[in-house]
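# Report on the structure
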Amino acid sequence: MPEFSAADHAFMARALQLAARGRYTAHPNPTVGCVLVHGDAVVGEGWHQLAGEAHAEINALAVAGENSRGARAYVTLEPCAHHGKTPPCTTALIDAGIAEVIVALEDPNPRVNGRGLQQLADAGVRVRSGLLQDAVARQLEGFVSRIVRGRPFVRLKLAASLDGCIAMKNGESQWITGTDARADVQRLRAGSGAIMTGIGTVLADDPSLTVRDASIDMRGRQPLRVVLDSRLRMPLSAEMLALPGTTLVYCHDDAKRNLLVDAGAEVTRVAGDGDAVDLAAVFDDLASRDINAVLVEAGPALAGSLVEQDLVDELVIYQAPQIMGSETMRLFRTPTWTSLADRRNLQIMDMRRVGDDMRITARWQDKD
């Protein structure tokens with residue numbers, strides 16, 4: 001591992017901050033930040049703002065102009081070395097006279113995966129990598145998951161009372177958490193490539209599954225809306241079918257396909273059994289559509305199935321300071337868990353107040 005100075009760390013930390021600015025707009029591309037430094041002075045900054053437009057390095061070079069010659073470039077992700085929707089960033093860095101490129105994370109995409117660094121080195125540019133690698137890998141965990149594992153990063157969002165209830169037995173649930181927590185969920189939605197729910201939630205609540213917070217600049221994008229509906233019971237009058245964006249319905253019995261397609265949905269058939277579709281097949285298909293991260297907002301049946309099948313990467317639980325009692329529904333339905341040995345241990349990654357509620361972010365202790 002190359003040695004890095006305190007100044008190196010500070011400049012890369014700034015690049016990481018810049019990358020975060022593309023969180024809601026760069027999808028499906030990874031968010032990337034770049035800082036150009038000449039001597040001890042920052043001469044250019046940039047980030048990847050919108051898929052199909054200039055990458056972070058190009059934006060930083062445009063700001064630096066002639067000051068790019070002889071500068072160091074701090075980039076959160078290895079510069080691309082291939083022609084996609086834009087020309088290779090390696091060529092632009094070389095042509096601009098960049099003397100050194102410091103990279104946090106080497107790009108796992110097979111189209112790059114070391115080729116960018118090699119092209120730079122072959123052109124006489126000094127290269128170093130691994131600075132703040134773990135922080136950038138966390139920032140890009142959806143992109144990395146899709147490229148390396150072949151499936152999106154799956155985040156399961158739940159809202160519950162202090163005694164672990166999500167609704168009364170009659171289905172009444174609005175609202176358990178407060179307005180601040182619901183606003184926070186809008187940001188989770190905006191940072192996701194897709195929002196998924198089950199047909200039970202659609203029938204009970206008729207959700208929109210959209211980002212409605214006008215303060216979040218998404219450049220007109222809405223996450224893909226995904227409904228798991230094995231037998232296509234979705235009402236043709238469902239609100240989400242009339243909203244901007246795409247509603248994708250997964251089923252295994254598509255006899256009613258044409259009616260739903262005519263109502264505005266896209267329907268995809270996957271394997272399944274009874275009232276359930278093959279969840280792994282769904283995530284495989286979403287990865288093929290360049291979906292990096294999926295936010296699941298669902299009832300206990302789908303939430304339980306995802307947990308039982310080990311398909312959840314992160315839990316986000318908004319817990320309200322309420323007691324709802326015994327005539328209620330719980331967070332998960334897990335019929336295969338019948339003994340204490342079946343329980344799963346969690347590692348709490350973050351806990352914080354969101355208005356009057358508590359937001360708990362957790363991952364499985366035995367998962368990477």
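Above this text is the structure in question.
Computed from a predicted model, the values in this text were never measured in an experiment.

Counting secondary structure elements, the protein chain contains 11 helices and 18 strands. Here the C-alpha atoms of the protein chain give a radius of gyration of 23 Å, agreeing with the 21 Å that 2.2 N^0.38 yields for 368 residues. C-alpha atoms of the protein chain, sized along the principal axes, occupy 70 × 45 × 40 Å. Put simply, of all contacts in the protein chain between residues at least 6 apart along the chain, 69% involve residues at least 24 apart. As displayed, the protein chain offers around 17000 Å² of accessible surface, 49% of which is attributable to carbon and sulfur atoms. Counting 39 positive and 47 negative side-chain charges, the protein chain places the averaged centre of each group 1 Å from the other.

Attention now goes to the pattern of salt bridges. Taken as a whole and assessed by the stated rule, the structure comprises 26 salt bridges. With a shortest N-O distance of 3.2 Å, R146 and D290 are connected by a salt bridge. Placement of R146 in helix α6 (residues 141-149) and of D290 in the loop between α10 (279-288) and β14 (293-297) is noted, with a sequence separation of 144 residues between them. Overall, R146 belongs to the buried group, its relative accessible area being 14%. For E327, the salt bridge is made with K169, and the minimal N-O distance between the two is 3.6 Å. Linking E327 in the loop between β15 (314-320) and β16 (328-330) with K169 in the loop between β7 (165-168) and α7 (179-190), this pair joins segments that are 158 residues apart in sequence.

With that out of the way, let us pick up a nonpolar patch on the surface. Nonpolar side chains collect at one region of the surface, where L346, I348 and M351 lie side by side and expose about 260 Å² of accessible area between them. When you line up the elements, L346 lands in strand β17 (residues 346-354). The class for L346 is partly exposed, based on a relative accessible area of 33%.

Core analysis: the biggest nonpolar cluster contains 36 residues, and L36, Y74, I98 and V101 have the highest contact counts within it. Setting aside residues no more than four positions away along its own chain, Y74 makes contact with D8, F11, M12, A15, G33, C34, V35, V37, I102 and L131. One finds L158, I166, L302 and V307 within the second-largest nonpolar core, a separate group that totals 33 residues.

Glancing now at the packing of aromatic side chains. Throughout the structure, instances matching the rule amount to one aromatic pair. Ring centres of F11 and Y74 lie 5.3 Å apart, and the angle between their planes is 45 degrees; on these two criteria the pair is classed as tilted. Separated by 63 residues along the polypeptide, F11 in helix α1 (residues 6-20) and Y74 in strand β3 (residues 72-77) bring together distant segments of the chain. With relative accessibility at 13%, the residue F11 sits in the buried group. Residue classification places Y74 among the buried residues on the basis of a relative accessible area of 0%. Lying across the ring of W47, R21 places its NZ or CZ 4.8 Å from the centre. Against the face of W175 rests R182, its NZ or CZ located 4.4 Å from the ring centre.

So, on to the sheet that holds strand β10 (residues 247-251). The mixed open sheet is built from nine strands, whose spatial order is β11-β10-β9-β8-β14-β6-β15-β18-β17. With partners counted over all chains shown, the strands left at the sheet margins are β11 (266-269) and β17, one partner each. The mean angle between the axes of side-by-side strands here comes to 25 degrees, regardless of whether they run parallel or antiparallel. Pairing geometry for strand β9 (residues 224-228) and β10, over four bridges, is parallel. Bridge pairing in β10 places V226 opposite L248. Along the sheet, α6 makes contact with β6 (153-161) and β18 (357-364), crossing β6 at roughly 130 degrees.

For the rest of this paragraph, the subject is the sheet that holds strand β5 (residues 126-129). Picture the strands of a sheet paired through backbone hydrogen bonds; they go either parallel or antiparallel. Read across the open sheet, the five strands follow the order β2-β1-β3-β4-β5; overall the sheet is mixed. Strands at the two margins of the open sheet, each flanked by one partner only, are β2 (41-47) and β5. Neighbour-to-neighbour, the strand axes of this sheet turn through a mean angle of 15 degrees, independent of strand direction.

Now for α10. Every buried residue of α10 is listed here: L279, V282, F283, D285, L286 and A287. The opening residue of α10 is D278, an N-cap whose side-chain oxygen sits 3.1 Å from the backbone nitrogen of A280. At the exit of α10 stands D290, carrying a positive phi of roughly 65 degrees.

Definitions and limits used
Residues numbered from 1 in each chain as written. Predicted model: local features only at pLDDT ≥ 70, side-chain atom pairs only at ≥ 80, totals over all residues. Heavy atoms only, no water. Helix = DSSP H or I, 4+ residues; strand = E, 2+ residues; numbered from the N terminus. Rg over C-alpha atoms; globule rule 2.2 N^0.38 Å. Contact = heavy atoms within 4.5 Å. Areas by Shrake-Rupley, 256 points an atom, 1.4 Å probe, with all protein chains shown as cover. Lys, Arg positive; Asp, Glu negative; His and termini not counted. Charge placed at Lys NZ, Arg CZ, Asp CG, Glu CD. Salt bridge = Lys/Arg side-chain N within 4 Å of Asp/Glu carboxyl O. Buried < 20%, exposed > 50% of the residue type's maximum accessible area, 1.4 Å probe, protein only. Patch = residues over 30% accessible without salt bridge, like charges linked within 9 Å, V, L, I, M, F, W, Y side chains within 5 Å. Core = buried A, V, L, I, M, F, W, Y, C linked by side-chain atoms within 4.5 Å. Phe/Tyr/Trp six-rings, centres within 6.5 Å; stacked < 30°, edge-to-face > 60°. Lys NZ or Arg CZ within 6 Å of the ring centre and 35° of its normal. Pairing = 2+ DSSP bridges. Axes fitted to C-alpha atoms, helices over the stretch in contact; angles between N-to-C directions. Polar contact = N/O pair within 3.5 Å; in protein donor to acceptor, adjacent residues only side chain to side chain.

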